[in-house]
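Okay, here's what each chain looks like letter by letter:
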Amino acid sequence: MTIRTRFAPSPTGYMHVGNVRAALFPWLLARQQGGDFILRIEDTDQARYVEGATDLVLETLDWLGLDWNEGPQKGGKYGPYFQTERRDIYKKWAEKLIDKGLAYADPYTAEQVQGFREEARALKKPFLYRNHRPESPPAWDGSQPLRLKVVEPKRYTWNDPVMGELSAGEEVLDDFILIKADGLPTYNFAHIVDDFEMGVTHVIRGLEYISSIPRYLSLYEALEIEPPVLACLPHIMAPDGKKKLGKRDGAKSVTDYRTDGILPEAMLNFLASMGWNDGTEQEIFSRDELIEKFRLERVQRSGARFDEQRLLWLNGQWIRKLSLDDLYTRVEKYWPETAHAANDASRRAILSLVQDRLKTLAELPLLTSYFFSEPTPDWAMIDSNKQLKKLSRNEHVELLSAAHAAIQHSEFSTEALQATLNQLLESTGQKPGILFSLIRFALTWAPFSPGLPETMATLGRERVLSRIQLAIDAA
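Definitions and cut-offs
Residues numbered from 1 in each chain as written. Predicted model: local features only at pLDDT ≥ 70, side-chain atom pairs only at ≥ 80, totals over all residues. Heavy atoms only, no water. Axes fitted to C-alpha atoms, helices over the stretch in contact; angles between N-to-C directions. Helix = DSSP H or I, 4+ residues; strand = E, 2+ residues; numbered from the N terminus. Parallel < 35°, antiparallel > 145°, perpendicular 65-115°, else oblique. Contact = heavy atoms within 4.5 Å. Nonpolar A, V, L, I, M, F, W, Y, C, P; charged D, E, K, R; others polar. Buried < 20%, exposed > 50% of the residue type's maximum accessible area, 1.4 Å probe, protein only. Pairing = 2+ DSSP bridges. Right-handed = clockwise from strand over helix to strand, strands pointing away. Patch = residues over 30% accessible without salt bridge, like charges linked within 9 Å, V, L, I, M, F, W, Y side chains within 5 Å. Areas by Shrake-Rupley, 256 points an atom, 1.4 Å probe, with all protein chains shown as cover. Salt bridge = Lys/Arg side-chain N within 4 Å of Asp/Glu carboxyl O. Lys, Arg positive; Asp, Glu negative; His and termini not counted. Charge placed at Lys NZ, Arg CZ, Asp CG, Glu CD. Phe/Tyr/Trp six-rings, centres within 6.5 Å; stacked < 30°, edge-to-face > 60°. Lys NZ or Arg CZ within 6 Å of the ring centre and 35° of its normal.

S.K.: Lay out the packing of helix 1 (residues 17-32) against helix 8 (residues 264-272) with the relevant residues and their values.
M.R.: For any two helices packed against each other, the geometry comes down to the angle between their axes and how far apart the axes lie. The contact between helix 1 and helix 8 brings their axes to 10 Å, and the two run at 85 degrees. If you check the angle between helix 1 and helix 8, you find them roughly perpendicular. Of the residues in helix 8, those in contact with Val 17, Val 20, Arg 21, Leu 24 and Phe 25 of helix 1 are Leu 268, Leu 271 and Ala 272. Looking at the contact of helix 1 with helix 8 residue by residue, the classes come out as seven nonpolar, no polar and one charged.

Laid out in structure tokens, this is it:
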């Protein structure tokens, strides 16, 4: 059997991390098994449709390298791949159910159905539409909703590769809507028809669908379709682990993370490890390693906590793994404006200095702007430093004056400067955390910078001495 999986997003907004993980896991399974990964756009909810959302889906998947075998921009023999273009297919399957006496037109108004709900609430009973099923429904002409007729409610049992063996009784089965009054199918109907027509063998989606699976199984049975493997992924939880991750918890669009300088390798690594591990202590996984090691059976049942700090850590690890040429290409749009006047060789040299300190590409201006323009002294930074604020301003100035005198006689290679700084430690009797931090602030006035001798060698003798003197004058 050829494994065929799919990702079927609704174009109703931005792609968040939960959406992308719902694409990543079926993509990994398909690639591991040499199967096919299908992209299908479920755009039947026209009330929530957002212009441009489909393009955002395609752009996000392309950025992450989650290529699809069939779907928009690719085509395929099972198209169309937009649900709004498949109305005739749904109508054909609906008519099969009508002919078998397993679907009927819903004659009630929304107000009447609401009345049934209130009646059930007053009697303290669950509302089931099948208890109000019309005895003689009209012929379905497409102007009314079409409902499935659950003839013999029963208990269903199924095996979820992630959640294990599950079951639900007849109390959860009801006559749900297949096709709405606007002629478009509901998700409950369309995805089952589409998955069958497209030969999907494994459906992998979020845990929020698990309560609906008994309904899906009743429809599979009515349509005489063998269900595919149905797997539900645990929720991505808010950082406190107490609820499902939402916008209020800081969850951003994946494209925002891209703009913020997160690498696609880090995002894939991060999402794959939320709710899955290979049973080892390994934390850094390449795309190929994920494909090789991924197993549905190793997806955990409990929710995976969203930890943005871990994403930043992973991103820093991946930045360090890049070659300088690769990183130079990726940071092109992140350089500070003042860097554009510098030549490529200078920018490459500076990038090599800060590569090990970057957590995101967007941090590049913070870590490099002082190489391209003169920073303004800000003694408040020194006064807020835990170690430096213990010294008086006179002591600060004395140390900087000693540094100025020592450095002006030093060669300006990294090795020679390191030796000069070591000698300065001995002559002043200060700790590296105090002396070197003070000099670093005087040179950069930035919270972070690369190694001090490397920074000094790159700035050059004239700028180093003038900046130290400027700091002294501003004290």
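Anyway, onward from the coordinates.
S.K.: Hey, could you go over the pairing of strand 8 (residues 202-206) for me, with residue numbers and the actual values?
M.R.: Counting buried residues in strand 8 gives five out of five residues, a clear majority hidden from the surface. Pairing of strand 8 with strand 9 (residues 229-233), which is carried by five bridges, proceeds in the parallel orientation. Bridge pairing in strand 9 places His 202 opposite Val 229. Viewed along the sheet, the connection from strand 8 through helix 6 (residues 213-223) into strand 9 turns out right-handed.

S.K.: Quick rundown of unusual backbone geometry? Include the residues and the values.
M.R.: A cis amide bond links Gly 79 to the next residue, Pro 80, at an omega of 0 degrees. On the secondary structure map, Pro 80 appears in the loop between helix 2 (53-64) and helix 3 (87-99). Within the chain, Glu 224 stands out as a residue other than glycine whose phi angle is a positive 60 degrees. Following the sequence through the fold, Glu 224 ends up in the loop between helix 6 and strand 9. With a relative accessible area of 64%, Glu 224 lands in the exposed category.

S.K.: Tell me about a positive patch on the surface, and please be specific about residues and values.
M.R.: The grouping of Lys 386, Lys 389, Lys 390 and Lys 431 at the surface amounts to a positive patch. Looking at where Lys 390 falls in the secondary structure, it is placed in the loop between helix 14 (379-383) and helix 15 (393-407).

S.K.: Before we move on, could you go through the pattern of salt bridges and cite the residues and values that matter?
M.R.: On inspection of all chains with the given rule, the structure shows 25 salt bridges. The shortest N-O distance in the salt bridge between Glu 224 and Lys 100 comes to 2.8 Å. Separated by 124 residues along the polypeptide, Glu 224 in the loop between helix 6 and strand 9 and Lys 100 in the loop between helix 3 and strand 3 (103-105) bring together distant segments of the chain. As a salt-bridge pair, Glu 283 and Arg 310 come within 3.4 Å of each other at their nearest N and O atoms. Residue Glu 283 is found in the loop between helix 8 and helix 9 (287-293), and its partner Arg 310 is found in helix 10 (residues 308-321); the two are separated by 27 residues along the sequence. We classify Glu 283 as partly exposed; its relative accessible area is 36%. Since its relative accessible area comes to 22%, Arg 310 is described here as partly exposed. Put simply, Arg 6, Arg 40, Glu 42, Arg 86, Asp 194 and Asp 195 are held in one network by salt bridges that share partners.

S.K.: If you had to explain the packing of aromatic side chains to someone new, which residues and values would you point to?
M.R.: According to the stated counting rule, one finds 14 aromatic pairs in the structure shown. Centroid distance Tyr 90 to Phe 189: 6.5 Å. Interplanar angle 55 degrees. Geometry classified as tilted. Here Tyr 90 is found in helix 3, whereas its partner Phe 189 is found in helix 5 (residues 187-197), with 99 residues between them in sequence. There is no split in this pair, since Tyr 90 and Phe 189 are both buried. One aromatic cluster is present, built from ring pairs that chain together Phe 25, Trp 276, Phe 285 and Phe 294. A cation over an aromatic ring shows up here: Arg 147 above the ring of Tyr 129, its NZ or CZ 3.5 Å from the ring centre.

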